[in-house]
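Coordinate inspection notes
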Amino acid sequence: MNMTKELLRYFRHKQKDHASETLFDTQCPFCSVQCAMQLVEERVVGRNCYKVIPKDNPTSNGRLCIKGLHAHQHALHTERLQFPLLKRNGRFVRVSWEEALSFIQINFKNIQKEFGNDAIGVYGGGSLTNEEAYLLGKFARVALKTKYIDYNGRYCMSAAAAAMNATFGLDRGLTNKLSEIPHARCIILAGTNVAECQPTIMPYFHQAKKNGTFFIVIDPRETATCGLADLHIKIKPGTDVAFVNGMLKVIFAEGYVDEQFVKERTEGYDELKKHIEQIQLDEMAEMTGIAPEVIQFAARQYATAPTGMIFTARGVEQQTNGYMTVRNFLNLALVTGKIGKIGCGCGAITGQGNGQGGREHGQKADQLPGYRSIENPEHRKYIASVWRVPEEELPRKGVSAYEMIQKIDEGEIKGLFVMGSNPVVSSPNARFVKRALKKLQCLVVVDLFLSETAELADLVLPTSSYLEDEGTMTNLEGRVTWRPASRKRPGEVKHDWEILCEIARVLGKGDYFRFSSAEEIFHELRVASRGGLADYYGITYERLRNERVYWPCPSPDHPGTARLFEQSFAYPDGKARLAVVDNEYQKEQTTEQYPIYVTTGRVLSHYLSGTQTRRSPALASRQIEAFMEIHPNTAKKYKIENNALVKLETKRGYAIVRSKYSYKIREDTVFVPFHWSGFQNINQITDDELDPYCKMPGFKRCAARIIPVVDLERN
Ligand code: SF4
C-alpha cells in the first residue's frame, strides 16, 4: 500500500472517532430472495459514507450480491422525486399535496362521471409491499369501483402461477424450502439463470453439486448458471414443450412412471398416456434442435434419480405457450412422483422482490385477497364483509396488463393510475404502449424517479424507498418477511399506502381507508386472507420481527408450511391434475425477411426496467448499455463487427444496441438484456401476442433482422 493511501486511511480512522454513525436495518429491494442487510451511514472527512453489512437470514444466510451491496445508491440519489409534480404547458412544476390530490379528485371524478367507473384503470407492481399491493386492490375496487386493475407481475409470474394453480390447485413459487435443494439427486433448471438473477441462492445448488446431483440446464444460451450443468440443453427458443414431451415419451416407453403415485394422487393420467403414445421422439428432436439420444439421456437421468427438483423461470414462461410449458414440466414431476417429499418438488423462481406476495392479495384482474377469485360468490361475499361494502358493489374481473393498454388505445380507459411500475420500458411492443399512454386524458404515476412512464404523466407523486417504507414481502419460497422503516423520508415524500389513503379520502371513500401504519393494513390483510389459499391469518408483525414465516399459516400457533403437498394437493379431492400438452408452434416464426430469433433477459448488475439500477453508479458502470450477444458465425453471415452498433428490427419496431461476439449462444438466436430505455429498449421489438391462458406476452422469442448501423448510415 502506498503512503498516500495509508495516510488517508489513518486520517479517516481519526475522523471517524468523532463521527456520528447511523445504522439502518433493511432488506434488499431487488429480487425475490429478499436478502437482509444493514446500511451504515457515517460522517467521514466532512461527507456521508455508506457501508453495507449483510445480515443473517434463513434464506440467503447472510449473503448479498452486487445489487444488494449497492442498492442504497439509488435510494440516496439526488434525482429522487421529493415533491408532487404537475405538468403545465408540457413542463413539470412543483405543487403541494393539496393541489395534487385536488387534481386527481377533479380529473378522476370527471372521467368517471362522463364515461363510467371502468374508465379509470389501475396498474400496480410486483415490488410493492404486501400491504401496498393489498391496499391497491382494495383502492381499485372500493375507492374507484373499477374492474380494471392489473400489474407488471403479469409479465413476470403469470404463466407459472396459472400453471401451478391449474395443476396443484395452489400457486406458491417453490413447493419446498431452498435448503432441500442439496437433497435432490437430479435438478432441472429450465430457462432460469439463477447465477445472475438470484446469485445468493447459488450455494444451495453448489452444495447439491458437491453431493453428486446431476444438473440438466435448459437454455438457448450458455449462461453463468450453465457452470452447474452436467447436461446443457441448448434448445431452440420456445420449443421447451416439445422437449418435455420427448422426455415424457421416454419415461412412459421405458416404464419409469410411478404408477402408485399417479393412481393415488393425480387425475388425467389416461388422457396424458394416450397423448404421449402418439408422440414421435424424432419429431421432438427436430422441433427442439436436440438429438433424440440427448432427450433420452435427460429423461433417464431425471426419472431414475431417487429425488429430483424442477425449477423454471422466465426463459420458459415468457412465451405465448408459457402456461402450457410449465404445465408440462409439472407433468414430469407428477408422473415420476417427485413432489411432496424432501428433495422432491417444483418451483418457478420468482423475479421481482415481492413477485410472490404481490400476486396473492388482489392486484390481479381476477383476484381478491388470499388468492380468492373475484368471480366466486362465496369469495366475493367474504371480502365484501371484510371491506364493509355490499357484495354487489364489488366490480367483476377486468383484463390483463397488456390488454389494459389495448383498452387505453381503443379509448375505453381514459385515466390510469400507475404505482411502482414502468410499463413504457417493461411492456412488449413498447412503442405502441407509449403511443397508447399518450392518448390518456389523465395519467398519474407514483414513483421514486421520473421514469420513462412518469415522463408521460400529468401528475407524478413521490414515494418512499425501501429504506424508508415499512412493510412485509413474501420471498420466492413463500416465506413472509418484515422490513422495518429505518430512514427518514426526503422532502415531502409519502408512502404508497398513505397516498392511496389520501386519494381515497378526496374521492369520498376515506372511511374505508383509515390506516395509520403498515401494520394496521397487514392486520386487515390477515383477516381478508383468512381461509383463503394464501392464508396469512397466523402471521403477525410480532412474529415477523423474530422469524420469516411460510404461508399457508392459518393460526397464530401454526408453524407455517415449508413443504407443500406432502399428503394431498389443494383441490377438494386432494389430487393434482395432469395436462395434455400439444407441441404447438408459436406463431412468430423466422422468415426470409426476419431470419433470426431474439431472446431477452437480465444481467447481474441490473434489475427490471433499470429505473433504479441505472441510477446506481456502481451498478450502472458495470454494464452501461444494452448489447446483443451474437454467435461469431451468425455475425459473419450478417457482416456484423464485434462491438458495432446494430439495428434489430421486427414488424413492431426497432432497437439499436452494440454487438458482442459469443460462442455461448445458438447460431439462430441473439440475446439482448431488457434494462435500458430509448432506442436501446429491446421491448420495442418484442412480441405482444399473449398466451391464451395467462395473458403472458411472448417476450422470449421474436423474429427479427439485423442491420449494421454503418450500412444504414451509408444508405
Ligand atoms: Fe439478494 Fe437478490 Fe438483492 Fe442480490 S438482488 S442481494 S440476491 S435480494
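The structure this text deals with has already been given above.
First, a word on what this report is: a plain description of the structure on this page.

Each value, and the rule that gives it
Residues numbered from 1 in each chain as written. Predicted model: local features only at pLDDT ≥ 70, side-chain atom pairs only at ≥ 80, totals over all residues. Heavy atoms only, no water. Helix = DSSP H or I, 4+ residues; strand = E, 2+ residues; numbered from the N terminus. Buried < 20%, exposed > 50% of the residue type's maximum accessible area, 1.4 Å probe, protein only. Contact = heavy atoms within 4.5 Å. Phe/Tyr/Trp six-rings, centres within 6.5 Å; stacked < 30°, edge-to-face > 60°. Lys NZ or Arg CZ within 6 Å of the ring centre and 35° of its normal. Salt bridge = Lys/Arg side-chain N within 4 Å of Asp/Glu carboxyl O. 1 Å grid on protein atoms, 1.4 Å probe; cavity = no way out; pocket = protein on both sides within 12 Å on 5 of 7 lines; lining within 4 Å. Points joined across faces, edges and corners; volume = space filled by probe spheres on them. Nonpolar A, V, L, I, M, F, W, Y, C, P; charged D, E, K, R; others polar.

Here we come to the environment of G246. For G246, the location among the structural elements is in helix α9 (residues 240–253). With relative accessibility at 0%, the residue G246 sits in the buried group.

To continue, consider the side chain of S451. Checked against the element boundaries, S451 lands in the loop between β17 (442–447) and β18 (459–462). Residue classification places S451 among the buried positions, given a relative accessible area of 0%. Sequence-distant contacts of S451, that is, excluding residues within four places in its chain, are made with N422 and T611.

Let us now look at the packing of aromatic side chains. Overall, the coordinates contain 19 aromatic pairs when judged by the stated rule. Cation over ring: R431 sits above Y654, and NZ or CZ is 4.3 Å from the ring centre. The ring of W97 carries the charged tip of K494 above its face, separated from the ring centre by 5.1 Å.

All right, on to the pattern of salt bridges then. Inspection of the entire model under this criterion finds 40 salt bridges. The salt bridge partner of E649 is K647, with a shortest N-O separation of 3.6 Å. For the pair E649 and K647, a shared accessibility class is recorded, and that class is buried. Because the salt bridges share partners, they merge into one network encompassing E588, K651, R652 and D687.

Below, the discussion takes up empty space enclosed by the protein. Summed over all chains, the structure comprises 4 cavities of 30 Å³ or more. Put simply, the second largest cavity is a space of about 80 Å³. Around the second largest cavity, the lining is made up of 13 residues, and of these C28, C31, C35, C65 and T200 lie nearest the centre. Taken together, the residues of the lining of the second largest cavity break down into 8 nonpolar, 4 polar and 1 charged.

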